[in-house]
Each structure stands twice: as C-alpha cells, then as structure tokens.
Amino acid sequence: MLKVTRLGETLGAEIGGLDVSRPIAPQVFAQVRAAWLEHLVLRFRDQQLSDPQLLAFSKNFGELDPPGPNPLGRPFLADHPEMNVISNIKQGGVPIGGLGDGEAIWHADMTYVERPPMAAILYAIEIPPAGGDTYWANMYRAYELLPAPLKQRIEGREAVHDATYNSAGVMRKGYQDVTDPRRAPGARHPLVRTHPETGRRSLFLGRRRNSYVVGLELDESEALLDELWAHATQPQFTFCQQWRVGDLLVWDNRCTLHRRDAFDPRARRLLHRTQIRAAA
C-alpha cells in the first residue's frame, strides 16, 4: 500500500515512497488514481525527472492534451510540443515559458474549449526562495456548502468561458480585447457539473474575467458570478502548496480551481507541465 498523507482539510494529499521516474505497476497506479480521485490534488516530493520521464508518468492518467496557445504563438519546447513551460526566465530577451512572475488569478485550465483537460501535472525544476505559492480550491465542497437559494438559481444555467486572456491577464495571440462579456469568444459550460468518474456534483466556474451567465441581463450575471466566486474561493475550501525543487503535483481540473502568488521578478522559477485529455 502507498503511504498517503493528507495535506489540507478539504483537499490535497502527499504520496510517499514512490519514484515516478520508473514504470509504475498497474496495481500501484490504481492506488495512485484512487487517491487522486479522493483528494483531488496529489504531491510527490523529491522526484528527479527528465522530460521523457515526466511524459511517461503523465500518460498513466490518459492521453496527453497539447497546451493552449501562448503569447509567442509556438511551443516553448520544440522537442516536446505536448509539454508546457511555466517560467519567468528570459533568454536573449525572449521568455522560455509562460505566466511570468505576477499573480495568476483563480482559474481552471482551458475551460474556454469544449473539452477542457481532465488533469494537469506540474514539475518543479527551479523555485524562488519565496513567493510563487500555488493554491487549489475544492469545487465539490464549494457546491455542497452553497446556500440552497443560490443552488436553485444556478441549476441548469450555463456560463460563457472567455478565451481571450490567460490566468496572468495576458491576451492570447490572435484575440482582441473584450468589452462586453456577452460577446466573449469561448465555450459554454454548465455552472454545475457531475464528475464523470466520481458522480459528485461541483461548481464549474473557469475564470472570472469576461464570464457571463447565459440568458441573464449583464448586471444580473455579474452580481451572480461575483457571489459564486466569493463563495468558491473561501480559505475553508483551499490548500496551499509551498514549492520545493523536485515537487510533482497532479490535480483534477474537473473539480478544482487554482491560483498562484506573485514572486520577486529577479528570482528564477521554472516548471514543466503536462495535461491530460478529457475522455470523449
């Protein structure tokens, strides 16, 4: 049996004693997946992974999903276009990764597409001495503890998930500024979703900027979304990850939100990231 240690009150667990650079036996990975579905976010510490090893581990969870477009309009890793880079480092004045050193606001990954990735995996290669902490929020619990009148108001409702900006507020290549959320480009998703593996219901909010609840007047939509976001991101629903080199985090994108603190722009931060395609 794997050693599973809870990290937060409502989500997060650490898996001890597993070197994920090596092939994982099916019966062992079954335990990993069960822990992931239960705790939503898993941490593996003190890993030493090459990019091919990170890709091999990721494929245990399913088919790889290519990263979304970045401001450069091309993959950060030419040899591994299926992998993303999260970094503030520049070489020759050109960023080697995305999201920089500022705050990354609460969001779920790539919800602006019809089939957002089901999971994301992030591996720490260089970490600043302070800052850059990542937080996750449990959207099962956020939904379960919604006041009954608010649950009724959002039942059957869909929201537009804007594709224009990333979680650092940078406009994606090929898009134009949005002034009316009702005209934002992006997919529509139910505000409440049923998890395809656990059968549990959760809030599904994506990100706040340019979101719009379909069928409502704009001011009514804005007020409703403000209320939902204020509720969903309360500290009681969250877990904070203070990164160390060699940390590997895996999270369920279907039932969590996450955000990142800013950090000193003079410090270096480098993480490699994969994501897993949602089942059809």
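Above this note sits the structure.
Let us look at the structure shown here. As the structure is a prediction and not an experimental result, all values here were calculated from the model.

Time to look at the environment of Glu222. Take Glu222: it is sitting in helix α5 (residues 218-232). Sequence-wise, Glu222 and Val32 are 190 residues apart; in three dimensions their C-alpha atoms are separated by 39 Å. Residue contacts for Glu222: discarding those within four places in its chain leaves Pro181, Arg208 and Ser211.

Let us look at unusual backbone geometry. In this structure, Leu40 is a non-glycine residue whose phi angle is positive, near 75°. When you line up the elements, Leu40 lands in the loop between α1 (26-39) and β3 (41-44). The class of Leu40 is buried, set by a relative accessible area of 0%. A positive phi is found at Asn210, a non-glycine position, where the angle reads about 65°.

Time to look at the sheet that holds strand β15 (residues 212-213). In spatial order, the strands read β12-β11-β15; together these three strands make up an open sheet with antiparallel pairing. Every interior strand has two partners, whereas the edge strands, β12 (188-190) and β15, have only one.

As a further point, take the environment of Gln242. Here Gln242 is to be found in the loop between β16 (238-241) and β17 (248-252). Once residues within four sequence positions are removed from consideration, Gln242 is found in contact with Arg45, Asp133 and Asp247.

The rules we used
- Residues numbered from 1 in each chain as written.
- Predicted model: local features only at pLDDT ≥ 70, side-chain atom pairs only at ≥ 80, totals over all residues.
- Heavy atoms only, no water.
- Helix = DSSP H or I, 4+ residues; strand = E, 2+ residues; numbered from the N terminus.
- Contact = heavy atoms within 4.5 Å.
- Buried < 20%, exposed > 50% of the residue type's maximum accessible area, 1.4 Å probe, protein only.
- Pairing = 2+ DSSP bridges.

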